[in-house]
Amino acid sequence: DALKSLKVNKKRLMKDLHHTCQWGTGKRWGKAETETGMTRLALSDSDKQARDWFVKTTEDLGCKVTVDEMGNIFAVRPGLKNDKPATFAGSHLDTQPTGGRYDGILGVHAGIEMIKVLNENWIETEYPVGVVNWTNEEGARFPMSMSSSGVWAGSIPLAAAHNLREVHPGTATMAEELSRIGYLGSVAASHEATLMAAHFELHIEQGPLLEMANKKVGVVIGVQAYKWLTVNVKGRDTHTGTTDLKSRADALLAASKMILHSHRLATAHNALASTGILNLKPGSTNTVPGDVSFSLDIRAPADETVASVLALVQQDFPKIAAGENLSGLNDGGTPSLPCTVSITEDFDSPATTFHASCIDAVTRAAQRVLGPDGKSLTMEMTSGAGHDSVYTSKRCPTSMIFIPCREGMSHNPEEFCKEEDCAIGAEVLLHSVLRFDRM
Ligand code: GLV
Ligand code: MN
Ligand code: MN
Ligand code: MN
């Protein structure tokens, strides 16, 4: 039937995407503008401009738009029957400080393109369909990834998210910024206030597997587990020139050993450990830093693996602080004064398994879009990155669609996806939603 042959408009999809990327192609933390890169931190002025475009565009397309207390924006296109909630396509418009044009952004634009295709073909779906833009998915500005789908799902308390303070420069809270840009909505941020029949998310893979295997579509069956910690190491500030090694408590040296050690622990468990934030005080060339804090992001496919690495981190970091040589760094055997360490568990995203009927809808949609070669151009995979779909999956059937990106690169201004691949992904999204609507 007519539904089966629906195509997305590739030119329009890409034109819209690059149009909204005018907001946030600015200077990022001291670096020059690049052709492709994006700096659109959550709830910044450029995020507001992209949001305003999203609201106006979806309203003009006939959608009813609501905004919740986390600034999540839901645009719903009515169906023939409206006694069931909408099936949503969604992702995020915010980016990393040195992000690209596809991470998140593509999934939102593909949802809007879906509405455009339905409208221009005069298609009435059985039930409503919608597009959602989730707030602060990146957790780059307010340090909790997927914070606002997390509140929607009831996994993160509203107050905890509202009180999150920006990483740089550390003045504004999320509630203040929501209010400042006019996106502190009146609808409760809850899956009960905004029901979803299902959630489908198109996203770039952000890794190299699809490209290496020459596949066009990843059918995502789940997401690996992760945990974010803040580690604070306390030593003492002393003069760099006059304080011999025995008399120092160098918090940065201890922190460095901890970071190396965490990497070793993770590798031994087939896990990943990464530090992306490092702060040292007082920050002076001729003072040994006495106060250092750093982030630690631990990831692995299984919850138990993350828990094992965490347990070892908790066991070993105090020993390293006290001066035990666990990192393998050759100190020349000079004992320094001990430091102390405290570890805060900030955030935790258990391993996620997506819903069988959504996975099936994506698999079949991919076969339809890719034609006779569909099977050989598709593969099932687990996501290494977190996504809002982690939280929606707790409250409604959910799954994701991945497309390849160049060299698997993401969270980088050079992030790139071919237009053709973006269009394939958007078309698989469209057909996944249509299939689910009929299920
Ligand atoms: C969230 O996007 C994450 O994977 O850090
Ligand atoms: Mn993303
Ligand atoms: Mn991202
Ligand atoms: Mn992400």
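Residues numbered from 1 in each chain as written. Chains lettered and ligands numbered in written order. Predicted model: local features only at pLDDT ≥ 70, side-chain atom pairs only at ≥ 80, totals over all residues.

Looking at an unreviewed UniProt entry, the protein carries the name N-carbamoyl-L-amino acid hydrolase, with the source organism given as Karstenula rhodostoma CBS 690.94.

A. Examining the nonpolar core more closely. Judged by nonpolar contacts, the single largest core of 89 residues is most densely connected at Ile401 and Leu429. Sequence-distant contacts of Ile401, defined by excluding residues within four places in its chain, comprise Phe200, Leu202, Val217, Val220, Val362, Gly425, Val428, Leu429 and Ser432. With 30 residues, the next largest nonpolar core counts Ala255, Leu296, Val309 and Ile320 among its residues. (Core = buried A, V, L, I, M, F, W, Y, C linked by C-beta atoms within 7 Å. Buried ≥ 20, exposed ≤ 12 C-beta atoms within 10 Å, placed from the backbone. Contact = placed C-beta atoms within 7 Å.)

B. Fine view of the environment of Thr378. Here Thr378 lies in strand E15 (residues 378-383). Thr378 gets classed as buried once you count the C-beta atoms within 10 Å, which come to 22. Measuring from C-alpha to C-alpha, the distance between Thr378 and Thr243 comes to 61 Å, with 135 residues separating the pair along the chain. For Thr378, the residues in contact, after removing those within four places along its chain, are Lys215, Val217, Val219, Ala366 and Leu370. (Helix = DSSP H or I, 4+ residues; strand = E, 2+ residues; numbered from the N terminus.)

C. Fine view of the pairing of strand E1 (residues 64-67). In terms of strand pairing, E1 meets strand E2 (residues 73-77) through four bridges, oriented antiparallel. From the neighbouring strand, Val65 faces E2, where its bridge partner is Ala75. Counted between consecutive antiparallel strands, the loop separating E1 from E2 contains five residues, among which Gly71 sits at a positive phi close to 75°. (Pairing = 2+ DSSP bridges.)

D. Geometry of helix H9 (residues 303-322). Here H9 spans 29 Å end to end across 20 residues, near enough to the 28 Å set by a 1.5 Å rise per residue. At Asp316, H9 shows its strongest bend, of approximately 25°, with the proline Pro318 following within four residues. Turning to H9, its buried residues are Val306, Val309, Leu310, Val313, Asp316, Phe317, Ile320 and Ala321. Just past H9, the residue Gly323 takes up positive phi, approximately 115°. (Expected span 1.5 Å × (residues − 1). Bend = angle between axes of the 7 residues up to and from the residue.)

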